[in-house]
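# Chains, contacts and geometry: an overview
One-letter residues, chain by chain:
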Amino acid sequence: MLDHSKTPVFTAMKEYRKKNVIPFDVPGHKHGRGLREYAEYFGEAMLELDVNSMKPLDFLGNPISVIKEGEDLLADAFGADRGYFIVGGTSFAVQVMIMTAVSEGDKIILPRNVHKSAINSLILCGATPVYMSPEIDEEMGVSHNVTLDSLKKAYNEHPDAKAAFIINPTYYGATCDLKAVVDFCHEKNMLALIDEAHGTHFHFNDKFPLSGMQAGADMSSVSLHKTGGSLTQSSALLVNTTSVDGRYVRKVINMMQTTSPSYLLMGSLDVARKMLALDGERILNHVIEVSEYARKKINAIPGCYSIGMETVGKPGIFGFDPTKLSVTTRDMGLNGMELYDILRDEYNIQMETGDVYNSLAILSVGDDYDNVDLLIQALEDISKRFQNTRLDYKKIDLHYPKVVISPRDAFYAEKEMIALEETLGRISGESLMSYPPGIPVVSYGERINESVIEQIKLFKASHGVITGMEDPNADFIKVIKE
């Protein structure tokens, strides 16, 4: 048994600070002395520990001491054979998984509602996507998860696929029958890759759906910073070495990950892992209680709906993560982007995202009743203000566009810029999405349909954040030249 009370990286950082080392290495601010305004605001300790790799603190590219010990503890906490500190976010971990599993010409099965990082990795490695259609919830206007049948259908049409990529959970909390999906992948000699950007907490409380490692997955990427308490941009990659060569994974990581990793990020991974391993069950029991309290209150507010456990068993919802607190306000005539802006600008409440119909709050290890009560009070006030006053609300027919050519071919193809209104039927040469969550409305190589155009128009009219395109206003879209 490993001792999860230990924090080898964080402890080494504190020891380094005690020694008051004279720095003639990078970074250039030299323990904050060259960045006084920043040091005075955030405190000397943070700047003194923003340091470069060195023997006492180990090297992330080839860890042999404190980072290796920290990664071993990380793997043990999540039930994996190998764990890797990732300082480029889970987007990077997703790219490493895919680039480890497939290469140019290989096929990989993915749900269409993947994060942009998965599609970007296909451009980098040249693999071909085989998309599964997730179950679309017309009332919420979101995609839930895939089903085992959708995976079987994709495999039967492409039995040469090398891997399958699964989201656990989706942005709005839906999970698939992960154990059955992973078992099917292994039965067909496919690697099972799990995107657990929003499921770090699953492994530490059995009231949640199964984690990727619990289901026997080959690789899993987890955003400890999203729901596990570590600093933004810190993440982890988990590997089962019976099917994946851990040494090769390190090689893929080192091809793309920075050679100047932040010890502030790695130290926070160390401390977050300790907290989850030693006290995660108790902490997450409390988060579940707060989430269900909030959901019950929100569903009593006229015009508001927060999806919950009552939906388990519906298509695309085998299991559900109660810490994803979505608020659907279409019945009071507000779309999710409008609600998102109102809560931020008028009530000083920052939601995670707003989309066509919903705004989403993500509850995690740092949440309690006080802040949730403020959200509930704000929604009660908004309900009184807007109920039955916005009858012009427009419903959008949500349908994913069809893939015509591979993302890589589309990325490198000759393109032209045309007006958004003229793009119907053209093949997209870029990837457009509302961010967060970063799921493309249309991606490289897909034929633009009416749903794509209407969603982009709604994002623009509602002042939503659209990213991925060259024209910052999305008035013009880059398409493949015909």
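Scroll up to find the structure this text is about.
Model, not experiment: these values are computed from the prediction.

This paragraph deals with empty space enclosed by the protein. Going through the model one piece at a time under the given rule, you end up with 2 cavities of 30 Å³ or more. Considered as a void within the structure, the largest cavity measures approximately 50 Å³ in volume. Around the largest cavity, the lining residues are Tyr 16, Pro 23, Asp 25, Val 26, Pro 27, Lys 30, His 31, Asp 50, Val 51, Asn 52 and Met 54. Looking at the lining of the largest cavity residue by residue, the classes come out as 6 nonpolar, 2 polar and 3 charged. The calculated volume of the second largest cavity comes to roughly 40 Å³. Of the residues belonging to the lining of the second largest cavity, the class tally is 4 nonpolar, 6 polar and 1 charged.

What follows covers the sheet that holds strand β1 (residues 82-86). Pairing within the open sheet is mixed, and its 7 strands lie in the order β1-β10-β9-β8-β6-β2-β3. The open sheet has two edge strands, β1 and β3 (128-132), and neither has a second partner. For this sheet, the mean angle separating the axes of adjacent strands, direction not counted, is 20 degrees. Sheet analysis places strand β2 (residues 107-111) next to β3, joined by 5 bridges and oriented parallel. Bridge assignment links Ile 108 to a residue of β3, and that residue is Pro 129. On top of the sheet, helix α10 (residues 246-256) reaches β1, β9 (219-222) and β10 (235-239); it is set at about 10 degrees to β1, its chief contact.

In this model, helix α5 (residues 89-101) (13 residues) spans 19 Å end to end at C-alpha, consistent with the 18 Å of a helix rising 1.5 Å per residue. Summarising burial for α5: 12 of the 13 residues are buried, a large majority. Within the span of α5, buried status applies to Gly 89, Thr 90, Phe 92, Ala 93, Val 94, Gln 95, Val 96, Met 97, Ile 98, Met 99, Thr 100 and Ala 101.

Attention shifts here to the pattern of salt bridges. Overall, the coordinates contain 24 salt bridges when judged by the stated rule. The closest approach of N and O atoms between Lys 179 and Asp 183, which form a salt bridge, is 2.9 Å. Note that Lys 179 and Asp 183 are positioned in helix α8 (residues 178-187) at a spacing of 4 residues, about one turn of the helix. Take Lys 179: its relative accessible area is 36%, and that puts it in the partly exposed class. Put simply, Asp 341 and Arg 344 hold a salt bridge, and the shortest N to O gap is 3.1 Å. Taken together, the residues span about one helical turn, with Asp 341 and Arg 344 both in helix α12 (residues 336-347) at a distance of 3 residues. Among the residues examined, Asp 341 registers a relative accessible area of 18% and is labelled buried. Among the charged side chains, a network of salt bridges with common partners joins Asp 341, Arg 344 and Asp 345.

Tallying each qualifying case throughout the model produces 9 aromatic pairs. Each ring, one from Tyr 38 and one from Phe 42, has its centre 4.7 Å from the other, and the planes form 55 degrees; the classification is tilted. Of the two residues, Tyr 38 and Phe 42 both sit in helix α2 (residues 36-42), 4 residues apart, roughly one turn of that helix. Looking at Tyr 38, the relative accessible area reads 43%, which means it is partly exposed. Classification of Phe 42 by relative accessible area gives partly exposed; the value is 42%. Ring geometry for Tyr 171 versus Tyr 172: centroids 5.9 Å apart, planes at 90 degrees, classification edge-to-face. Each member of the pair, Tyr 171 together with Tyr 172, is buried. Grouping aromatic residues by their ring pairs yields a cluster made of Tyr 38, Tyr 41 and Phe 42. Stacked on the ring of Tyr 357, the Lys or Arg Arg 330 has its end atom at 4.6 Å from the ring centre. The side chain of Lys 415 reaches across the aromatic face of Phe 411, ending 5.9 Å from its centre.

This next bit is on the side chain of Thr 227. Tracing the backbone shows Thr 227 in helix α9 (residues 224-227). Within the local environment of Thr 227, its side chain forms a polar contact with the side chain of His 201, the two groups lying 3.1 Å apart. In contact with Thr 227, not counting residues within four places along its chain, are His 198, Thr 200, His 201, Ile 362, Ser 364 and Val 365.

With that out of the way, let us pick up unusual backbone geometry. With an omega dihedral of 10 degrees, the bond running from Val 26 to Pro 27 counts as a cis peptide bond. One can find Pro 27 in the loop between α1 (8-18) and α2. A cis geometry characterises the amide bond from Asn 168 onward to Pro 169, with omega recorded as 0 degrees. The residue Pro 169 is located in the loop between β6 (163-167) and β7 (174-175) in this model. One non-glycine residue with positive phi stands out, namely Lys 30, at about 50 degrees. With respect to the helices and strands, the residue Lys 30 is situated in the loop between α1 and α2.

Turning to a nonpolar patch on the surface, a few remarks are in order. Where nonpolar side chains cluster on the molecular surface, the patch consists of Leu 35, Tyr 38, Tyr 41 and Phe 42 and spans about 470 Å² of accessible area. On the secondary structure map, Leu 35 appears in the loop between α1 and α2.

One can describe the packing of helix α4 (residues 66-78) onto helix α11 (residues 263-298) by two numbers: an axis separation of 10 Å at closest approach and a directional angle of 35 degrees. The crossing of α4 and α11 is left-handed. On the side of α4, the interface is formed by Ile 67, Gly 70, Leu 73, Leu 74 and Ala 77, while α11 contributes Tyr 263, Met 266, Asp 270, Arg 273 and Ala 277. Tallied by class, the residues present in the contact of α4 with α11 amount to 7 nonpolar, 1 polar and 2 charged.

Cut-offs applied
Positions within a chain are numbered from 1, following the residues in the order the chain's sequence is written. Confidence filtering applies because this is a predicted model: local features only for residues at pLDDT of at least 70, side-chain atom pairs given and counted only at 80 or more, and all residues used for totals across whole chains, interfaces and linings. Values reported for side chains reflect all heavy atoms of the structure, with hydrogen atoms and water molecules removed beforehand. The way it works is a 1 Å grid over only the protein atoms, where trapped points that fit a 1.4 Å probe form a cavity and open points with protein on both sides within 12 Å along at least five of seven lines form a pocket, and then any residue with an atom within 4 Å of a point lines it. Grid points are joined across faces, edges and corners, and a volume is the space filled by probe spheres set on the points. Just so you know the grouping, Ala, Val, Leu, Ile, Met, Phe, Trp, Tyr, Cys and Pro go in nonpolar, Asp, Glu, Lys and Arg go in charged, and all remaining residues, Gly too, go in polar. For two strands to be treated as a pair, DSSP must find at least two bridges joining them. Each helix is a run of DSSP H or I of at least 4 residues and each strand a run of E of at least 2, with the numbering of both proceeding from the N terminus. Each axis is a line fitted through C-alpha atoms, and for a helix only the stretch in contact is used; angles between axes span 0 to 180 degrees, taken between their N-to-C directions. It only takes one pair of heavy atoms within 4.5 Å for two residues to be counted as in contact. Here the expected span of a helix is defined as 1.5 Å times the quantity of residues minus one. Burial status follows relative accessibility: with a 1.4 Å probe on protein chains alone, a residue under 20% of its type maximum counts as buried, one over 50% as exposed, and anything between as partly exposed. Salt bridges are defined by distance alone: a side-chain nitrogen of Lys or Arg within 4 Å of a carboxyl oxygen of Asp or Glu. Planes of paired rings set the category: under 30 degrees apart is stacked, over 60 is edge-to-face and the rest tilted, where pairs are Phe, Tyr or Trp rings (Trp by its six-membered ring) whose centres lie within 6.5 Å. A ring is scored as having a charge over it whenever the NZ atom of a lysine or the CZ atom of an arginine sits within 6 Å of its centre and within 35 degrees of its normal. Here a polar contact means two N or O atoms within 3.5 Å. Within protein one must be a hydrogen donor candidate and the other an acceptor candidate, and residues neighboring in sequence count only if both atoms are side-chain atoms. Each patch groups residues whose relative accessible area exceeds 30% and which form no salt bridge, using 9 Å between like charges and 5 Å between nonpolar side chains of Val, Leu, Ile, Met, Phe, Trp and Tyr. Per-residue and other accessible areas were derived by the Shrake-Rupley procedure at a 1.4 Å probe size, with only the shown protein chains allowed to occlude residues. Left-handed describes a crossing whose near helix is turned anticlockwise from the far helix through less than a right angle; right-handed describes the clockwise counterpart.

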